Amino acid sequence: FDLLLLKYYKICPQEEKDAILAQAKTLYTWMCNTLRDTDYLVMNAIWDTGFIETGKDPGVTALVIMCGTMLYEITGEAHYLDDAKKSADASFSYFVTYRDGILQFPHWEPWSNPKLLQAYLLLLPHYAKMDMYIETYAKFIDWVYKNKRTEDGYFYEYLIGDNPGRTEWIMTQNAYFESYAAIALYKKNKATP
């Protein structure tokens, strides 16, 4: 929701900007205070009962990185950018593991991985280290293309072992298409002087 507010902020009428930005800041602060752990990774969810799922989540962590980056771009307040950088570094250190001869992004719920990629791309103009993270991601999805597809060309849901999982899920297939499109734009922009 916070990311939508920040995107809306960029196009909303001038008279709405202050209220939209205030709400986005409030939501961001709540998310960080409630779901972000001391290691700058973000936990999976909070239930209406107040129970917090403590598993670290790549997609939710990516959301906080994107919101922090956008809040910095809008306000110029450095603490948002510092938080985004810390979460980005923590996400790469925690979620990216060496398996099968390559650095791999999370093998569960592959639809969260493009969110991390989007966060790294958004943060890139402010943090050169993102280049390495994005290049690592590009190598990872190329490895998936070569090694984790069915005979019909569908991407595996599960990247460990030989069980392809629910390849018919559009979310699984879309995760890789979305990733390839983002990487193609990144490489095109990088090649353009």
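Anything mentioned here points back to the structure above.
Residues numbered from 1 in each chain as written. Predicted model: local features only at pLDDT ≥ 70, side-chain atom pairs only at ≥ 80, totals over all residues. Heavy atoms only, no water.

Enquirer: Outline the overall build of the protein chain, listing residues and values.
Expert: A tally of helices and strands in the protein chain yields seven helices and four strands. The linear arrangement of helices and strands in the protein chain, starting from the amino end, is α-α-β-β-α-α-β-β-α-α-α. Against the compact-globule benchmark of 16 Å for 193 residues, the protein chain has a radius of gyration of 17 Å, which places it among compact chains. Projected onto its principal axes, the C-alpha coordinates of the protein chain cover approximately 55 × 50 × 30 Å. For the protein chain, with 193 residues in total, the buried portion stands at 44%. (Helix = DSSP H or I, 4+ residues; strand = E, 2+ residues; numbered from the N terminus. Rg over C-alpha atoms; globule rule 2.2 N^0.38 Å. Buried < 20%, exposed > 50% of the residue type's maximum accessible area, 1.4 Å probe, protein only.)

Enquirer: If you had to explain the packing of aromatic side chains to someone new, which residues and values would you point to?
Expert: Scanning all chains against the criterion turns up 15 aromatic pairs. Summarising the aromatic geometry, the rings of tyrosine 94 and phenylalanine 95 are spaced 5.1 Å apart at their centres and angled 85 degrees between planes, so their arrangement reads as edge-to-face. Relative to phenylalanine 177, the ring of phenylalanine 155 lies with its centre 6.0 Å away and its plane at 80 degrees, an arrangement referred to as edge-to-face. Of this pair, phenylalanine 155 sits in the loop between helix H6 (130-147) and helix H7 (170-191) while phenylalanine 177 is found in helix H7, placing the two residues 22 residues apart along the sequence. With relative accessibility at 3%, the residue phenylalanine 155 sits in the buried group. The class for phenylalanine 177 is exposed, based on a relative accessible area of 52%. Cluster of aromatic residues (ring-pair linked, three or more members): Phe92, Phe105, Tyr120, Tyr133, Tyr137 and Phe140. Sitting over the face of the ring of tyrosine 145, arginine 149 holds its NZ or CZ atom 3.7 Å from the ring centroid. Here the basic side chain of arginine 166 rests over the ring of tryptophan 169, its NZ or CZ set 3.8 Å away from the ring centre. (Phe/Tyr/Trp six-rings, centres within 6.5 Å; stacked < 30°, edge-to-face > 60°. Lys NZ or Arg CZ within 6 Å of the ring centre and 35° of its normal.)

Enquirer: Give a detailed account of the pairing of strand E2 (residues 52-56), specifying residues and quantitative values.
Expert: Along a regular strand, successive side chains alternate from one face of the sheet to the other. Taken together, the three bridges between strand E1 (residues 43-46) and E2 define a ladder with antiparallel strand orientation. By the bridge assignment, methionine 43 is partnered in E2 with lysine 56. (Pairing = 2+ DSSP bridges.)

Enquirer: Break down the side chain of lysine 148 for me, citing the residues and quoting the values.
Expert: Among the secondary structure elements, lysine 148 is positioned in the loop between H6 and H7. Polar contacts involving the side chain of lysine 148 include one to the main-chain carbonyl oxygen of leucine 159, which spans 3.4 Å. The contact partners of lysine 148, leaving out residues within four places of it in the chain, are Trp143, Tyr154, Phe155, Tyr156, Leu159, Gly161 and Asp162. (Polar contact = N/O pair within 3.5 Å; in protein donor to acceptor, adjacent residues only side chain to side chain. Contact = heavy atoms within 4.5 Å.)

Enquirer: Describe in detail helix H3 (residues 58-75), supporting the description with residues and values.
Expert: Under the 1.5 Å per step criterion, the end-to-end length of H3 is 26 Å for 18 residues, consistent within 8% with the ideal 26 Å. Counting buried residues along H3, 13 of its 18 residues qualify, which places the element largely inside the surrounding structure. Near the N-terminus of H3, the side chain that reaches the backbone nitrogen of glycine 59, with its oxygen 2.9 Å away, is that of aspartate 57. Just past H3, the residue glycine 76 takes up positive phi, approximately 75 degrees. (Expected span 1.5 Å × (residues − 1).)

Enquirer: Could you give me a rundown of helix H5 (residues 113-123), with the residues and numbers involved?
Expert: All of the buried residues along H5 are Asn113, Pro114, Leu116, Leu117, Ala119, Tyr120 and Leu123. Taken together, the buried residues of H5 touch H3, helix H4 (78-95), H6 and H7.

Enquirer: A description of unusual backbone geometry should follow, citing residues and the corresponding values.
Expert: Its identity as a non-glycine residue notwithstanding, tyrosine 40 has a phi of 75 degrees, on the positive side. In this structure, tyrosine 40 sits in the loop between helix H2 (14-35) and E1.

Enquirer: Can you lay out the environment of asparagine 44 for me, pointing to particular residues and giving the numbers?
Expert: Here asparagine 44 shows up in strand E1. On a C-alpha basis, the gap between asparagine 44 and threonine 61 in space is 8.7 Å, while along the polypeptide they are 17 residues apart. When neighbours within four sequence positions are excluded, asparagine 44 is seen to be in contact with Glu53, Gly55, Asp57 and Val60. Only 2.3 Å separates the side chain of asparagine 44 from the side chain of glutamate 53, close enough to count as a polar contact.

Worth remembering: the numbers are spatial, not functional.
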